[in-house]
Amino acid sequence: MKRSAEATAAQDIVALRSALLVREHLGFRRASEVLGVNPSVLSRRVLALEDALGVSLFQRTPGGARPTGAGERFLTEVERALELITKAAVRAGAAGWGEVGRLRLGHVWPVTAGPAEGVLRAYRRSASDVEMELRVGSAADLVAAVLDRELDAVLIDVEDAPPGLDRLHLWSEPWLVARSLDAPDEPLGQAPVLCAAGDDWSRIQRLVAERGAARAGVRVQMTSHDGVLSLVAAGAGHAIVPQSVVHATRASVAFSPLPGHPASLSVTAAWRNDHDNPALRRFVSLLRTLPLDASVVKPLRAAGGQR
């Protein structure tokens, strides 16, 4: 639309809405009553719009005003455009509050049980329009993805969170030993200790060595945690996993506390402070209010999948 130098976008929209009301009420007087303005003000507003367009929008008669053919076509398109603008404004406002959009979350350990499952369920209830995207991987790869803005946040051990990221401790849970049902009491280290591809090999090795059980060594398997536990069930070795993994696997293995002094995984959320995704801000706000602690993790599952 051709505009004079002093016209503004807001004035244009007001003029367009005024013209639509004139069409709806078939006259300037009735439309002016709805708008609460003098009929002469409304008339001048529509005349200015017609001058800018270079076309007559209404055929004026003593009894009212009816759209011309060109006016009807123009106002029909305007009505559609204004509907789109209104919807866009609503969506923008919702996105600003984190009610729509996408949250990309990385995790090392399974999120299908324990406190992590509760976190996802609570966030989904509070932001049902937000699309959630999960990525599993090693802590190093996930942290790199956050730094590159490929992920919004990660759930990792506090030891893996670099100083450059904002961090929020969520909960702690004990490390456990997984053994085959055929040898549920086999000493740690009697068989190889297996870990998944995404695990921190050095941390598992340290947990084993601190208990004087490094004889058989730690072996990385290029599979998931459930795959590792399937190997354990088959008698291929032991595994050291956090307690929530117990409830995220269907493998029939025996779990018991890690021998020696207690050791725990400290699950922490980490994200870039300068990442302005509203869905992320909503997620962090929720994390700060959730009562997450070790008590959320269910009791140990006994061997063979029985409770």
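As shown above, the structure is provided for reference.
Colleague: Quick one: what's the story with the layout of surface pockets, residue by residue and with numbers?
Modeller: Approximately 190 Å³ is the volume attributed to the second largest pocket. The element contributing the most residues to the lining of the second largest pocket is helix 8 (residues 225-233), with 3 residues. Split by residue class, the lining of the second largest pocket holds 9 nonpolar, 7 polar and 1 charged.

Colleague: Please provide a residue-by-residue account of a nonpolar patch on the surface, values included.
Modeller: There is a patch of nonpolar side chains on the surface, built from Trp201, Val220 and Met222 and spanning about 340 Å² of accessible area. Positionally, Met222 belongs in the loop between strand 8 (218-221) and helix 8. Owing to a relative accessible area of 74%, Met222 belongs among the exposed residues under this scheme.

Colleague: Could you give an account of the side chain of Arg272, naming the residues involved and the relevant values?
Modeller: Within the element layout of this structure, Arg272 appears in the loop between strand 11 (264-271) and helix 10 (278-289). Arg272 gets classed as buried once you look at its relative accessible area, which sits at 18%. A polar contact of 2.5 Å, which involves the side chain of Arg272, links it to the backbone oxygen of Leu147. At 2.8 Å, the side chain of Arg272 forms a polar contact with the side chain of Asp274. In this view, Arg272 contacts Val146, Leu147, Arg149, Asp152, Leu165, Leu280 and Arg281; residues no more than four positions away in its chain are not counted.

Colleague: Mind laying out the nonpolar core, listing which residues take part and the relevant values?
Modeller: What tends to happen in soluble globular proteins is that the nonpolar side chains get buried as a cluster. In this structure, Leu170 and Trp175 are the most contacted members of the largest nonpolar core, which totals 66 residues. For this core, the element with the highest residue contribution is strand 6 (residues 166-180), accounting for 7 residues. Each residue touching Trp175, except ones within four places of it in the same chain, is listed here: Trp109, Arg203, Ile204, Leu207, Ile240, Val241, Pro242, Pro257, Leu258, Ala263, Ser264 and Leu265. One finds Ala19, Phe28, Ala31 and Ala65 within the second-largest nonpolar core, a separate group that totals 17 residues.

Colleague: Provide a residue-level description of the packing of helix 2 (residues 28-35) against helix 3 (residues 39-53), including the pertinent values.
Modeller: As a packed pair, helix 2 and helix 3 sit with axes 8 Å apart at the nearest point and diverge in direction by 105°. As the angle between them shows, helix 2 and helix 3 are arranged roughly perpendicular. For the pair helix 2 and helix 3, the contacting residues are Phe28, Arg29, Ala31, Ser32 and Leu35 in the first and Pro39, Leu42, Ser43, Arg45 and Val46 in the second. Split by residue class, the contact of helix 2 with helix 3 holds 6 nonpolar, 2 polar and 2 charged.

Colleague: Give me the packing of helix 5 (residues 114-126) against helix 10: which residues, what numbers.
Modeller: Where helix 5 meets helix 10, the axes come as close as 10 Å, and the angle between the chain directions of the two elements is 125°. Viewed along their axes, helix 5 and helix 10 adopt a mutual orientation that is oblique. As for how helix 5 packs across helix 10, the hand of that crossing is right-handed. Counting all contacts with helix 5, which are made through Val119, Ala122, Tyr123 and Ser126, the residues of helix 10 involved are Ala279, Arg282, Phe283, Leu286 and Leu287. Residue composition of the contact of helix 5 with helix 10, by class: 7 nonpolar, 1 polar and 1 charged.

Colleague: For the environment of Glu72, give the residues involved together with the corresponding values.
Modeller: Inspection of the secondary structure puts Glu72 in helix 4 (residues 69-96). We classify Glu72 as partly exposed; its relative accessible area is 35%. Spatially, the C-alpha atoms of Glu72 and Arg23 are 8.4 Å apart, while their sequence positions differ by 49 residues.

Colleague: Let's hear about the pattern of salt bridges: which residues, and what values?
Modeller: Throughout the structure, instances matching the rule amount to 16 salt bridges. A salt bridge links Glu72 to Arg23, with the shortest nitrogen-to-oxygen separation between them at 3.0 Å. One end of the pair, Glu72, is in helix 4; the other, Arg23, is in helix 1 (residues 9-25), with 49 residues separating them in the sequence. What makes Arg23 buried here is its relative accessible area of 15%. One salt bridge connects Arg23 with Glu79, and the closest N-O pair in it is separated by 3.0 Å. With Arg23 in helix 1 and Glu79 in helix 4, this pair connects stretches of sequence that are 56 residues apart. Here the salt bridges do not stand alone but share partners, grouping Asp157, Glu159, Asp160, Asp200, Arg203, Arg206, Glu210 and Arg211 into one network.

What counts, and where the lines are drawn
- Residues numbered from 1 in each chain as written.
- Predicted model: local features only at pLDDT ≥ 70, side-chain atom pairs only at ≥ 80, totals over all residues.
- Heavy atoms only, no water.
- 1 Å grid on protein atoms, 1.4 Å probe; cavity = no way out; pocket = protein on both sides within 12 Å on 5 of 7 lines; lining within 4 Å.
- Points joined across faces, edges and corners; volume = space filled by probe spheres on them.
- Helix = DSSP H or I, 4+ residues; strand = E, 2+ residues; numbered from the N terminus.
- Nonpolar A, V, L, I, M, F, W, Y, C, P; charged D, E, K, R; others polar.
- Patch = residues over 30% accessible without salt bridge, like charges linked within 9 Å, V, L, I, M, F, W, Y side chains within 5 Å.
- Areas by Shrake-Rupley, 256 points an atom, 1.4 Å probe, with all protein chains shown as cover.
- Salt bridge = Lys/Arg side-chain N within 4 Å of Asp/Glu carboxyl O.
- Buried < 20%, exposed > 50% of the residue type's maximum accessible area, 1.4 Å probe, protein only.
- Polar contact = N/O pair within 3.5 Å; in protein donor to acceptor, adjacent residues only side chain to side chain.
- Contact = heavy atoms within 4.5 Å.
- Core = buried A, V, L, I, M, F, W, Y, C linked by side-chain atoms within 4.5 Å.
- Axes fitted to C-alpha atoms, helices over the stretch in contact; angles between N-to-C directions.
- Parallel < 35°, antiparallel > 145°, perpendicular 65-115°, else oblique.
- Left-handed = near helix turned anticlockwise from the far one by under 90°.

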